[in-house]
Amino acid sequence: NDLANTEFWADFKYQVNDQASFVLGGRYVYDFVPGDQLRDDGSIAKYNTDRELLRDFFPKVAAVYAPKENLYLKLIYQEGYNRPNLFEQFSTQKGLPSRGKLKATTAKTLELVLDWVINKNMKTLVSVFDTNVENFVNFAYTGPGWPVVDTSAGQVRGFENVGDRNTRGVEGMFEVKYEN
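Sequence order as written defines the numbering, with residues in each chain counted from 1. Local features in a predicted model are, by the rule used here, given only for residues with pLDDT of at least 70; side-chain atom pairs are given and counted only at 80 or more, and totals for whole chains, interfaces and linings are based on all residues. Water and hydrogen atoms play no part in the side-chain values, which are based on all heavy atoms of the structure.

Caption draft 1: Examining the overall build of the protein chain more closely. Counting from the N terminus, the helices are DSSP H or I runs at least four residues long and the strands are E runs at least two residues long. For the protein chain, the count of helices and strands is one helix and eight strands. Secondary structure elements of the protein chain occur, N-terminal to C-terminal, as β-β-β-β-β-α-β-β-β. Counting over 180 residues, the protein chain shows a buried share of 31%. Put simply, 59% of the contacts in the protein chain that link residues at least 6 apart link residues at least 24 apart. Just so you have it, the protein chain exposes about 11,500 Å², and 54% of that area is on carbon and sulfur atoms. To sort residues, take the accessible area from a 1.4 Å probe on protein chains only and compare it with the maximum for the residue type: under 20% means buried, over 50% means exposed, and anything in between is partly exposed. Throughout, a residue-residue contact means that at least one pair of heavy atoms, one from each residue, lies within 4.5 Å. Shrake-Rupley sampling with a 1.4 Å probe provides the accessible areas, and residues are treated as covered by the protein chains on show and by no other component.

Structure, rendered in structure tokens:
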């Protein structure tokens, strides 16, 4: 069971003027893992008969506008991918049986950020985001009476792709540095 993973990340920034810039970038993944899958329909993953092969590009695009010094508005779109870790994928510990082939988790995020450096000691950041996650991996219980593990009754627990998630929200940060 060979595990091979190669990734490249590139980021290119184009400065339009003093107030506006664009960022184009992304992550190229070449992932060769037994049992790993990205999507059932094969639209992204390219499969090998004995092992799964993922070759894909996950983009990042951002527009940054600075209407005045130390005030930034950012609109960001990015996609990401996370392969199940070895514990999730291949665990055979008692009570944590392998649940079969886990698919990689993918995420697409659209985010609007306000980043303001008020002065040398204060900063604030507010982010409004929408994230769509496919093939979310989580610890799952099945059958009545969970979390008891009783394989004879079909009550088994372990890691599974538990479905898709959509998260929308607002988060913020206010930082104050205190100097003596």
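From this point, things continue past the structure.
Caption draft 2: The arrangement of the environment of L75 in detail. Structurally, the position occupied by L75 is in strand β5 (residues 71-82). Residue class for L75 comes out partly exposed when judged on its relative accessible area of 46%. Separated by 38 residues in the primary sequence, L75 and V113 have C-alpha atoms spaced 6.5 Å apart. Beyond its immediate chain neighbours, meaning those up to four positions away, L75 contacts V61, A62, A63, L110, E111 and L112.

Caption draft 3: Here's a closer look at the pattern of salt bridges. For salt bridges, the criterion is a side-chain nitrogen of Lys or Arg within 4 Å of an Asp or Glu carboxyl oxygen. All chains considered together, the criterion is met by four salt bridges. The salt bridge partner of D115 is K123, with a shortest N-O separation of 3.9 Å. Taking relative accessible area as the criterion, D115 reaches 8% and is therefore assigned buried. Across the salt bridge formed by R168 and D130, the nearest N and O atoms sit 3.6 Å from each other. Separated by 38 residues along the polypeptide, R168 in strand β8 (residues 157-176) and D130 in strand β7 (residues 122-141) bring together distant segments of the chain. According to the relative accessible area criterion, R168 is exposed, its value standing at 63%. One network of salt bridges, with partners in common, ties together K74, D115 and K123.

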